[in-house]
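# Structural overview for review
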Amino acid sequence: MDWGKPTLPERYLNTIKKTNLGKIDLELLRKFYVEFICSYEYKFELEDNTVLKVYFEENHLPHLLGLHKLRATTGKKATDIIEEIKDGRLNLKDVKESDNNSLKKISDRLCFFPTIETVLNFTTFIIEFDALKCIPTKLDCSFLLKSEKINVTVYLGIRETDFNSKELTCFPVTFLVDRVNQFKEEKQNVKKVISFTKRKI
């Protein structure tokens, strides 16, 4: 064990920069996500009086990290991937040796994922996403959250589960890095966050 390297999930708190891929530990990342993200309700009130309540579950993690892409050929479910992370069967060292091309495709997600807490805590504007207003994409979400505290554009995509309501329950569908303005933020409907609350659940 490297005694100089923090081994607690707290190491990822308050992150605003890219974490070196060599310092990403999937099991620590899973614990961080469960303890510090999934255990809260995030409530955003927007300038048009729309209220978004965002909830996270452990089985969302593989998709947010892009790990489902590594297991696409096996047909494994999110719960299977979580179990592989827990017992050490899925780790980045082995993935690099067995499927380095797939790892390269998701490395940005993995390296910036520790910033998810910053994105949630410091989002001042939320984009009401319209896929017709950007470069062709498969992205299927209702809103995009980002934080100006991070020097690269990192989006958390969320989807609403109830429609025709001013108070929307949402869940995460993607976490990604956009270095080329792929989603044409200037053409989207951007709404100011007028209040934010984070409640332990």
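As a reminder, the structure under discussion sits directly above these lines.
Predicted model only: the values in this text are computed from it and were never measured. (Residues numbered from 1 in each chain as written. Predicted model: local features only at pLDDT ≥ 70, side-chain atom pairs only at ≥ 80, totals over all residues. Heavy atoms only, no water.)

### Examining the pairing of strand 5 (residues 154-160)
For strand 5, the buried fraction is high: 6 of the 7 residues fall into the buried class. Pairing geometry for strand 4 (residues 143-145) and strand 5, over 3 bridges, is antiparallel. Looking across to strand 5, one finds that Leu 144 is bridged to Gly 157. As judged from the 7 bridges shared by strand 5 and strand 6 (residues 167-177), these two strands associate in the antiparallel manner. Bridge pairing in strand 6 links Tyr 155 to Leu 176. (Buried < 20%, exposed > 50% of the residue type's maximum accessible area, 1.4 Å probe, protein only. Helix = DSSP H or I, 4+ residues; strand = E, 2+ residues; numbered from the N terminus. Pairing = 2+ DSSP bridges.)

### Describing the packing of aromatic side chains
To describe a pair of aromatic rings, you give the distance between the ring centres and the angle between the ring planes. Using the criterion set out here, one finds 10 aromatic pairs in the structure. A ring pair is formed by Tyr 33 and Phe 56, whose centres lie 6.2 Å apart and whose planes are at 85°; its orientation type is edge-to-face. Pair noted here: Tyr 33 is in helix 1 (residues 26-36) and Phe 56 is in the loop between strand 2 (51-54) and helix 2 (61-65), with a separation of 23 residues, a long-range link. The exposure class of Tyr 33 is buried, given its relative accessible area of 0%. Their ring planes at 35° and their centres at 4.9 Å tell us that Phe 44 and Phe 196 sit as a pair that is tilted. Linking Phe 44 in strand 1 (residues 40-46) with Phe 196 in strand 7 (residues 189-200), this pair joins segments that are 152 residues apart in sequence. The exposure class of Phe 44 is buried, given its relative accessible area of 0%. (Phe/Tyr/Trp six-rings, centres within 6.5 Å; stacked < 30°, edge-to-face > 60°.)

### Focus on the pattern of salt bridges
The tally for this structure, following the rule as stated, stands at 13 salt bridges. We note a salt bridge from Arg 30 to Glu 27, for which the minimum N-O separation is 2.7 Å. Residue Arg 30 and its partner Glu 27 are both found in helix 1; the two are separated by 3 residues, about one turn of the helix. Exposure remark for Arg 30: the relative accessible area of 10% places this residue in the buried category. Between Lys 191 and Glu 128 there is a salt bridge, and its shortest N-O distance comes to 3.2 Å. On the criterion of sequence distance, the pair formed by Lys 191 in strand 7 and Glu 128 in strand 3 (residues 125-128) is long-range, its members being 63 residues apart. (Salt bridge = Lys/Arg side-chain N within 4 Å of Asp/Glu carboxyl O.)

### A few points about the sheet that holds strand 1
Taken together, the 7 strands give a closed barrel; going around it, the order is 1-2-6-5-4-3-7, and neighbouring strands pair in mixed fashion. Ignoring strand direction, the axes of neighbouring strands in this sheet form an average angle of 40°. One ladder, built from 4 bridges, connects strand 1 with strand 2; its direction is antiparallel. Counted as the bridge partner of Lys 43 is Lys 53 from strand 2. Its contacts with the sheet place helix 6 (residues 100-112) against strand 5 and strand 6, and it is angled at close to 120° to strand 6. (Axes fitted to C-alpha atoms, helices over the stretch in contact; angles between N-to-C directions. Contact = heavy atoms within 4.5 Å.)

### Describing helix 4 (residues 78-86)
One turn of an α-helix holds 3.6 residues; hence residues three or four places apart share an orientation. Within helix 4, burial applies to Ile 81, Ile 82, Glu 84 and Ile 85. Looking straight down helix 4, one finds that the buried residues subtend no more than 160° of arc, so they occupy a single side. On its buried face, helix 4 sits against helix 1, helix 2 and helix 3 (67-70). Where helix 4 ends, the next residue or the one after it, Gly 88, has phi of about 85°, a positive value. (Arc of directions from axis to C-beta.)

### Remarks on unusual backbone geometry
Positive phi is not limited to glycine here, since Asn 49 has a value of about 75°. Tracing the backbone through its elements, the reader meets Asn 49 in the loop between strand 1 and strand 2. Under the relative-accessibility criterion, Asn 49 is labelled exposed at 51%. At Lys 184, a position not held by glycine, the phi torsion is positive, near 45°. When you line up the elements, Lys 184 lands in the loop between strand 6 and strand 7. The partly exposed category is assigned to Lys 184, whose relative accessible area is 24%.

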